Amino acid sequence: MAHKSESTSPQTGVETSNEVQFEAPNQHIANDVSIAESTTETEQPGVADIEMFMHIAQQLESELCSIVVGQERVIRELLLALFAGGHVLLEGVPGLGKTLLVRTLSDALELKFARIQFTPDLMPADIVGTTIVTEQTDHQSAGSRRVFSFQPGPIFANIVLADEINRATPKTQSALLEGMQERTVSVGDATRPLPRPFFVLGTQNPLEMEGTYPLPEAQLDRFLLKVLVRFPNAKDLMQIIDTTVGLQTLQAKQVASGEQLMHLIKTARAVPVATHVKEYAVRLLLATHPDQEDAPDPVRKYVRYGASPRGLQALIMTSKVRALLEGRYNVSLEDLQNVVFPSLRHRIILNFDGLADGVTSEDLIETIVEETLTS
Amino acid sequence: MMIANAPSRNSTFELEENEGERFIETLYPWRRRLWIQQILRWTEYGIIISMICACFLLLISRFIPWSTAPYWAIGIAIGVLLFAVGVALWYRPSFERSARYIDTQLALHDRVSTAWEMRDDSAPISVLQRRDALQQLRKHAPAVTISLRPGRVRLLLFGIATIAIAVLILVPNPMNTFLQQQAALQARLNRQLAAINQTRLVIDNQAAISPQERALIDKILRDALARLQQSSSQEQAQQSLAQAQSQLNQLRDPQASQKAQARANASSSLQNSSNASISNTGKALASGDSKALNSSLQNLASQIAKMTPAQRAQLAQQIERAANQGQNNSQLSSALHQLAKAVADGNPSEVSDASKALETAASQDSANTASNDSINQASQSLQNAANALASTTDSNGNGQNASQTQVTGQGQNPGQTNVPGQGQSIGGQSEQNNTNNNSGKNEQVFVPGQVGSGSSNISVDGNTGTVQTGNSVPYSQVIAQYSQTAHDAIQDSNIPPDLKNLIQDYFNSLEGRH
């Protein structure tokens, strides 16, 4: 396990020292000021917030594109998930810059970054942390005493790169489940919140399937988007040569803090969505289900399970972000059609016929988009 | 793929009053233009569909006889057009639909429709969105964006429909001829129905016929009228008429002609007597005058007592001879025999009884004759109807529904169309009650039931004619018609009574020969 732990961020709320005894289980949850989980109506973002969003998003995209060459689409989809507050599963062959992309993102956002290399012998405690016994000096008795203290794992970071996530056992993979969905980690009888923002980027290699453990559907569903990292073209490869093997080393500028990122996420949520756009999103989602009346024939034939309601949330949230990135204040049908592939491709579970016939979820989504009426 | 330029970001953001209303006001001209476009488009489609419907109906009328097809085509075309225009006027585009349309037409990425939905939302981002939508909308003009010109597809469809309907109107419909024939047939049927009905009424008013016979004849004629009304072709009409004639023939007394002949012979023999009373009795029998018969018989009874036996024997002999002459009429002959015997005996009471028997026989004979005449009249009416139907069809130039015999008239039968021995009305003038004069004219003679290929010449009392091809008519029908015609001809009053038997024997011999 390669694990980089930088200085403790004040936002994490997690003690990394070994001074703390048992913490109250729900203490951090009570102190959480999460916007996403707030049930009360929050303040509407103003013009300045929107302007800030557009400014930061533009800068961030520029920074990423300047360093990670030839992956503009991946960068765009990564930003969609980032500003939507979701996690991303990156799939691509080694060497395409997945790790570089994530590291550059953390550099540009001034966030704590942790990289976990998933291997078959990786244990859940290696991810979430563990409770250890430490010796502590007792000032009153001038002696020492042994206390239990929690040693946080690499998941206690803002951006977590779960590299080759499918190489770990399902037990270890599931260690991410709670953190990805609830933004908390439960160890023993204590539940600790994860730092905000919390962003998991999982990668997996589609080629080396031997000795891997495909992610279970529940795990897959927790990734907001599944982004396919394609091989760059010749022009981009030429640029990669110029930027990576020369004397000059590019370093991303910091364009936003974690707090600003949280604000941007809140801003994106305020983008209005018209009813007919929502209805179209619902139709798209329902069309992935083989038992639905409006499902296309290929879906009926090749799909075992369709996308969950999380898929609908992913569609709408990423569409909102895309609208702002496109300079609009509203979600359009085109936004939905643009984000439907990364949002739903990992949520459509093929049946045996589909796998045997070599059908991909992309093919099915393409059919769904073609056959689903926009009005 | 860089972030697109953000829309106008004014440095100051203030929520203006009635922004939502201003947005609606901006949408008004768009919606109006869209409505006009909708009306025009629906009207164009209405015209095209109405023309297609009209074409369809006109096309159907070329395969199925449908006289009112053009009116239906016009009616449906107008109806479809009015419906289309009505729908377009009724369903005015809503603001929401207009907004969606504008978004699609101008590729505004649902800006306008979202702004319409959020028109009352005062959240800053909604206000920004609304202003952005308005700004984008103001870059376009409704008159430019929403075109009122008809599309190429509609123009093409209109052209095709126009050509099709023009062809269907200009090219003659083959069904029109058939429809005209049907109409003509119906008109002829109506005329014949009226004529037959008139005959029926006449027969109903004849007191000389017994009520039972009158009812029977009436029923046959009414059935014939009903069947004629339901006839859809001339063949059916002819068959109906032939059937009715056949039924009338069954009512006929087969001995009627012989009885009439016997009566005529007897009366003729009595008229030749030197005794005035007997001669008057003969005249009364011949004329069917019951009062005169009664009076002459009373005179005879009063004279009997004054006559000598020799005179009575001579008188009885004359009466006996008359009885023998009328032996074919058994009742009359018996009564005359009884009278002859009573006269010979000189018994007044026997003479009185014999006179009553003779009066009864004469009365019965008159009733039979009247009934027969009514049947003849009804049969003749039906025959006239059949001839009229056949002749009119032929005069229409079809020449397919009846055999036609063209006779070159030689003026030998002026004023008379019933020619003895021809078995059919000659001259085809039945509709005019056989009053036409065929002298010096070409007349058409129809002989139902004769089928011929090519032509043949027949002789009609010195006239020659040509039989043309016609439809098949059942042999029994032809025989019945000929038999009836022959009977009627023989019963004609212009034929001397003594020749009637001769003619009857001649036809009987012909019948026996075949």
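Asks: I'd like a description of the overall build of chain B, backed by residues and values.
Replies: For chain B, the helix and strand inventory stands at 18 helices and four strands. Counting every position in chain B, which comprises 514 residues, the buried fraction comes to 38%. Partitioning the contacts of chain B with sequence separation of at least 6, the portion at a separation of at least 24 is 69%.

Asks: Any chance you could break down the packing of helix α1 (residues 19-60) of chain B against helix α3 (residues 95-106) of chain B for me, citing the residues and the numbers?
Replies: Each pair of packed helices gets described by two things: the angle between the helix axes and the distance between those axes. All names here are of chain B. At a closest axis distance of 9 Å, the pairing of α1 and α3 adopts a crossing angle of 80°. With respect to their mutual orientation, α1 and α3 come out roughly perpendicular. Taken together, the residues of α3 that come into contact with α1 (itself represented by Ile24, Leu27, Trp30, Arg31 and Leu34) are Phe95, Ser98, Ala99, Tyr101 and Ile102. Looking at the contact of α1 with α3, its residues break down into eight nonpolar, one polar and one charged.

Asks: Hey, could you go over the interface of chain B and chain A for me, with residue numbers and the actual values?
Replies: Across the contact, 24 residues belong to chain B and 31 residues belong to chain A. Secondary-structure elements contributing two or more residues to the side of chain B that touches chain A are α4 (111-117) and α5 (124-137) of chain B. Top element by residues in the side of chain B that touches chain A is α5(B). It accounts for six residues. Split into classes, the residues belonging to the side of chain B that touches chain A amount to twelve nonpolar, six polar and six charged.

Asks: Just give me the short version of the pairing of strand β3 (residues 129-138) of chain A, but keep the residues and values in it.
Replies: All names here are of chain A. Burial runs low along β3: only one of the ten residues are buried. In this sheet, strand β4 (residues 143-152) lies alongside β3 in antiparallel orientation, the contact comprising ten bridges. In the strand pairing of β4, Gly129 is matched with Pro152. In sequence, β3 turns back onto β4 through a hairpin of four residues, with Ala142 there showing a positive phi of about 55°.

Asks: For the nonpolar core, give the residues involved together with the corresponding values.
Replies: In summary, soluble globular proteins display a tendency toward joint burial of nonpolar side chains. Among the nonpolar cores identified, the biggest contains 101 residues, and A:Leu78, A:Phe83, A:Val88 and A:Ile159 are the most heavily contacted of them. With nine residues, helix α3 (residues 72-84) of chain A is the single largest residue contributor to this core. What A:Phe83 contacts, discounting residues up to four positions off in sequence, is A:Ala57, A:Leu264, A:Ile265, A:Ala268 and A:Val321. In this structure, B:Ala284, B:Ala316, B:Ala335 and B:Ala340 belong to the second largest nonpolar core, which totals 28 residues.

Asks: I'd like to hear about unusual backbone geometry, residue by residue, with values.
Replies: If a residue is not glycine, its phi is most likely negative; likewise, a peptide bond is most likely trans. Between A:Arg196 and A:Pro197 the backbone carries a cis peptide bond, its omega angle lying at -10°. Relative to the helices and strands, A:Pro197 resides in the loop between β7 (190-193) and β8 (199-204). Even without being glycine, B:Ala107 reaches a positive phi, approximately 55°. Mapped onto the secondary structure, B:Ala107 falls in the loop between α3 and α4.

Asks: So, helix α15 (residues 330-345) of chain B: which residues are in play, and what are the values?
Replies: Residues and elements named next belong to chain B. Taking 1.5 Å of rise per residue, the 16 residues of α15 would be expected to cover 22 Å, and the 22 Å separating its terminal C-alpha atoms lies within 8% of that figure. What α15 keeps buried is the set Leu332, Ser333, Ala335, Leu336, His337, Gln338, Leu339, Ala340, Ala342 and Val343. Immediately beyond the C-terminal end of α15, within one or two residues, lies Gly346, with a positive phi of roughly 75°.

Asks: Before we move on, can you summarise the environment of B:Thr199 with the specific residues and values?
Replies: All names here are of chain B. Of note, Thr199 is situated in helix α8 (residues 175-204). Sequence separation of Thr199 and Leu382 is 183 residues, and the distance between their C-alpha atoms is 9.3 Å. Beyond its immediate stretch of four places on either side in the chain, Thr199 contacts Gln377, Ala378 and Ser381.

Asks: Explain the environment of B:Glu117 to me, using residue names and the numbers behind them.
Replies: Tracing the backbone shows B:Glu117 in helix α4. Between the alpha carbons of B:Glu117 and B:Arg130 there is a distance of 9.8 Å; along the sequence they are 13 residues apart. Residues within four places of B:Glu117 in sequence aside, it is in contact with A:Ala274 and A:Thr275.

Asks: So what's going on with the environment of B:Ala367? Residues and values would help.
Replies: Residues and elements named next belong to chain B. Relative to the helices and strands, Ala367 is located in helix α16 (residues 348-395). Given 15 C-beta atoms within 10 Å, Ala367 falls into the partly exposed group. Considering only alpha carbons, one finds Ala367 and Ile209, 158 residues apart in sequence, at a separation of 6.3 Å. When residues no more than four places from it in sequence are discounted, the contact partners of Ala367 are Ala208 and Ser210.

Asks: Pulling in residues and values, what's your account of the sheet that holds strand β5 (residues 159-163) of chain A?
Replies: Residue and element names in this part refer to chain A. If you walk across this open sheet you meet the five strands as β2-β5-β8-β1-β9, and the pairing is parallel. Of all strands in the sheet, those with a lone pairing partner are β2 (113-117) and β9 (223-228), marking the two edges. Taking each pair of neighbouring strands and ignoring which way they run, the sheet shows an average axis angle of 20°. By the bridge criterion, four bridges tie strand β1 (residues 87-91) to β8 in an arrangement that is parallel. When the bridges of β8 are listed, Val88 appears paired with Leu201.

Asks: Got a sec to walk through the confidence of the model for chain A? Specific residues and values, please.
Replies: Fine structural detail should not be taken from predicted coordinates in areas where pLDDT scores are low. When pLDDT is averaged along chain A, the result is 82, and 88% of the positions lie at 70 or above. Low confidence marks residues 1-39 of chain A, where pLDDT is under 50. Its contacts with residues over four positions away, or in another chain, come to 65 contacts.

Asks: Could you give an account of the pairing of β5(A), with specific residues and numbers?
Replies: Residue and element names in this part refer to chain A. Buried residues dominate β5, accounting for five of its five residues. Of the two faces of β5, the one holding Ile159, Leu161 and Asp163 and the one holding Val160 and Ala162 are both buried throughout. Summarising the sheet, β2 and β5 pair through five bridges and their orientation is parallel. Within β5, the residue paired with Phe113 across the bridge is Ile159. Where β5 lies against β8, four bridges are found, and the strand directions are parallel. Residue pairing in the sheet places Ile159 in a bridge with Phe199 of β8.

Calculation criteria
Residues numbered from 1 in each chain as written. Chains lettered and ligands numbered in written order. Predicted model: local features only at pLDDT ≥ 70, side-chain atom pairs only at ≥ 80, totals over all residues. Helix = DSSP H or I, 4+ residues; strand = E, 2+ residues; numbered from the N terminus. Buried ≥ 20, exposed ≤ 12 C-beta atoms within 10 Å, placed from the backbone. Contact = placed C-beta atoms within 7 Å. Axes fitted to C-alpha atoms, helices over the stretch in contact; angles between N-to-C directions. Parallel < 35°, antiparallel > 145°, perpendicular 65-115°, else oblique. Nonpolar A, V, L, I, M, F, W, Y, C, P; charged D, E, K, R; others polar. Pairing = 2+ DSSP bridges. Core = buried A, V, L, I, M, F, W, Y, C linked by C-beta atoms within 7 Å. Expected span 1.5 Å × (residues − 1). pLDDT = per-residue confidence, 0-100.

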